[in-house]
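Chain by chain, the residues run as shown.
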Amino acid sequence: MKKRIFSGIQPSGLLHIGNYLGAIKNWVELQKDYDCIFCVVDYHAITVPQDPKTLTKETLGIANIYLAAGIDPKKSIIFVQSHVPEHTELAWVLNTISKMGELYRMTQFKDKTQGKEQESAGAGLFDYPVLMAADILLYDTEFVPVGEDQRQHVELTRTLARRFNNRFGETFKMPKVLIKEAGAKIKGLDDPEKKMSKSASSANYIALLDKPDIISNKIKKAVTDSGTEIKFDPEGKPAISNLLTIYHLFSGEEIKDIEVKFQGKGYGEFKEGLAEVVIDYLKPFQKKFFELEKNPDFTKKILKQGAGQVRKIASKKMEEVREKIGVLDI
Ligand code: TYM
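Residues numbered from 1 in each chain as written. Predicted model: local features only at pLDDT ≥ 70, side-chain atom pairs only at ≥ 80, totals over all residues. Heavy atoms only, no water.

What to know about empty space enclosed by the protein
Here comes step 1: For the coordinates displayed, the defined rule picks out two cavities of 30 Å³ or more.
Here comes step 2: Looking at the largest cavity, its volume works out to about 50 Å³.
Here comes step 3: In terms of lining residues, the largest cavity is bounded by Gln108, Phe109, Lys112, Leu125, Tyr128, Pro129 and His153.
Here comes step 4: Split into classes, the residues belonging to the lining of the largest cavity amount to four nonpolar, two polar and one charged.
Here comes step 5: Its volume calculated, the second largest cavity comes out at about 40 Å³.
Here comes step 6: Lining the second largest cavity are Gly188, Leu189, Pro192, Ala222, Val223, Ala239, Asn242 and Leu243. (1 Å grid on protein atoms, 1.4 Å probe; cavity = no way out; pocket = protein on both sides within 12 Å on 5 of 7 lines; lining within 4 Å. Points joined across faces, edges and corners; volume = space filled by probe spheres on them. Nonpolar A, V, L, I, M, F, W, Y, C, P; charged D, E, K, R; others polar.)

Side note on the packing of aromatic side chains
Here comes step 1: Under the counting rule described, the total for this entry stands at 18 aromatic pairs.
Here comes step 2: Measuring from centroid to centroid gives 5.4 Å for Phe6 and Tyr139, while their planes differ by 10°, and the two rings are stacked. Highlighted residues: Phe6 in strand β1 (residues 4-9) and Tyr139 in the loop between α7 (123-137) and β4 (143-145), separated in sequence by 133 residues. Both residues of the pair, Phe6 and Tyr139, belong to the buried class. (Phe/Tyr/Trp six-rings, centres within 6.5 Å; stacked < 30°, edge-to-face > 60°. Helix = DSSP H or I, 4+ residues; strand = E, 2+ residues; numbered from the N terminus. Buried < 20%, exposed > 50% of the residue type's maximum accessible area, 1.4 Å probe, protein only.)

What about the site of the ligand?
Here comes step 1: Surrounding the ligand, one finds 28 residues, the nearest of these being Gln10, Tyr128, Asp135, Gly147 and Asp149.
Here comes step 2: Here Asn19 contributes a side-chain N or O atom positioned 3.1 Å from an oxygen atom of the ligand.
Here comes step 3: Separating an oxygen atom of the ligand from a side-chain N or O atom of Tyr128 is a distance of 2.4 Å.
Here comes step 4: Here the ligand has 710 Å² of accessible area as a free molecule, and 97% of this is covered by the chains.
Here comes step 5: Elements represented by at least two residues in the shell around the ligand include exactly β1, α1 (17-30) and α7.
Here comes step 6: A breakdown of the residues in the shell around the ligand according to their chemical character gives twelve nonpolar, eleven polar and five charged. (Near = heavy atom within 4 Å. Polar contact = N/O pair within 3.5 Å; in protein donor to acceptor, adjacent residues only side chain to side chain. Areas by Shrake-Rupley, 256 points an atom, 1.4 Å probe, with all protein chains shown as cover.)

A word on the domain arrangement of the protein chain
Here comes step 1: What the domain assignment reports for the protein chain is domain 1 (4-183 + 296-325) and domain 2 (209-290).
Here comes step 2: In this assembly, twelve residues from domain 1 lie in contact with ten residues from domain 2.
Here comes step 3: Carbon and sulfur atoms supply 79% of the area that domain 1 and domain 2 bury against each other, a total of about 1,000 Å² over both sides.
Here comes step 4: For the domain 1 face of the interface with domain 2, the top three residues by lost area are Ile17, Leu21 and Ala68, together amounting to 41%.
Here comes step 5: Across the domain 1-domain 2 interface, the total number found is zero salt bridges.
Here comes step 6: At the junction of domain 1 and domain 2, the tally comes to two residue pairs in polar contact (both at pLDDT 80 or more).
Here comes step 7: Secondary structure elements with two or more residues in the side of domain 1 that touches domain 2: α1 and α3 (52-69).
Here comes step 8: The biggest single contributor to the side of domain 1 that touches domain 2 is α3, with six residues.
Here comes step 9: Here the side of domain 1 that touches domain 2 is built from residues that sort into eight nonpolar, three polar and one charged. (Domains from an automatic or database assignment. Contact = heavy atoms within 4.5 Å. Buried area = accessible area lost by both parts, 1.4 Å probe. Salt bridge = Lys/Arg side-chain N within 4 Å of Asp/Glu carboxyl O.)

Quick look at the structure:
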């Protein structure tokens with residue numbers, strides 16, 4: 001029996017190369033050796049104000065991104081969270097054992113409500129990590145491959161699993177976070193101190209569907225460090241180190257070799273090389289994506305099949321949960 005992997009992405013805004021390098025690229029490799037389930041977490045995306053038409057479009061868009069990137073529906077399951085109602089059902093049960101203090105400590109909640117009155121933040125936004133815990137625990141997940149920003153949520157998932165198991169008897173498997181160091185936290189092009197983020201300005205990220213000239217321009221304008229040397233030194237040269245990481249992950253070349261390649265050359269030449277690497281890598285992916293976009297029924301069929309497959313696992317786990325907590329069976 002292969003060990004199980006579960007992960008997901010929110011259909012909210014354009015996906016960027018941080019999402020790809022921190023998550024999707026690793027998923028494609030993991031499908032060889034693991035039993036993988038990849039979810040489009042649409043109920044997470046409605047925790048912030050959203051436009052219904054955009055949500056529909058982006059949900060299908062994320063599924064197309066999974067497929068275009070190389071997630072193979074013959075090997076892995078792809079589905080949409082809201083198509084499997086056990087996710088929200090388990091989230092409710094887990095809510096009853098979650099502590100307000102734990103949720104207040106989640107850095108993503110703090111970041112997303114920064115500068116705003118916390119009083120007016122949505123309860124869904126506050127509760128979001130509990131829904132994520134339900135996603136993971138429904139499937140006896142062994143590993144959760146994500147970027148660094150999700151580590152705390154997976155830790156909370158473990159806390160909730162442990163607490164439930166202690167109170168009601170062994171029910172949930174203890175999941176482990178799987179974070180690959182390179183790519184775990186791709187930084188913003190305009191601010192190498194912070195992670196690349198789809199909610200930042202467009203100069204901050206390279207969207208997976210950006211056109212070649214846009215990619216070149218964004219890289220050209222990316223912030224650099226003082227000096228001229230192309231050297232990997234995250235403390236002293238955070239901007240260049242971030243660009244080197246991106247170059248390394250898209251080209252497959254080792255960082256040391258890239259440093260040698262650009263020895264004695266300036267930032268301008270390095271950035272031109274980087275733009276070429278990123279554009280060449282994304283070209284076949286984008287082509288596949290736009291092909292898939294023309295045929296929504298193909299993707300919908302895969303999502304329907306996927307939901308059917310995972311529903312069997314999820315409903316069995318939910319039956320066990322209901323029995324453990326003592327709800328009346330009729
Ligand atoms: P989301 O949709 O914000 O991000 C999707 C994935 O992209 C990673 N990521 C990054 N990796 C490296 N550098 C960056 N700058 C960067 N920005 C984002 C994230 O770590 C994530 O892996 N709560 C999750 C979605 C979720 C989930 C789950 C994940 C819901 N349920 C169950 C795993 C298991 C989220 O909002 O990810």
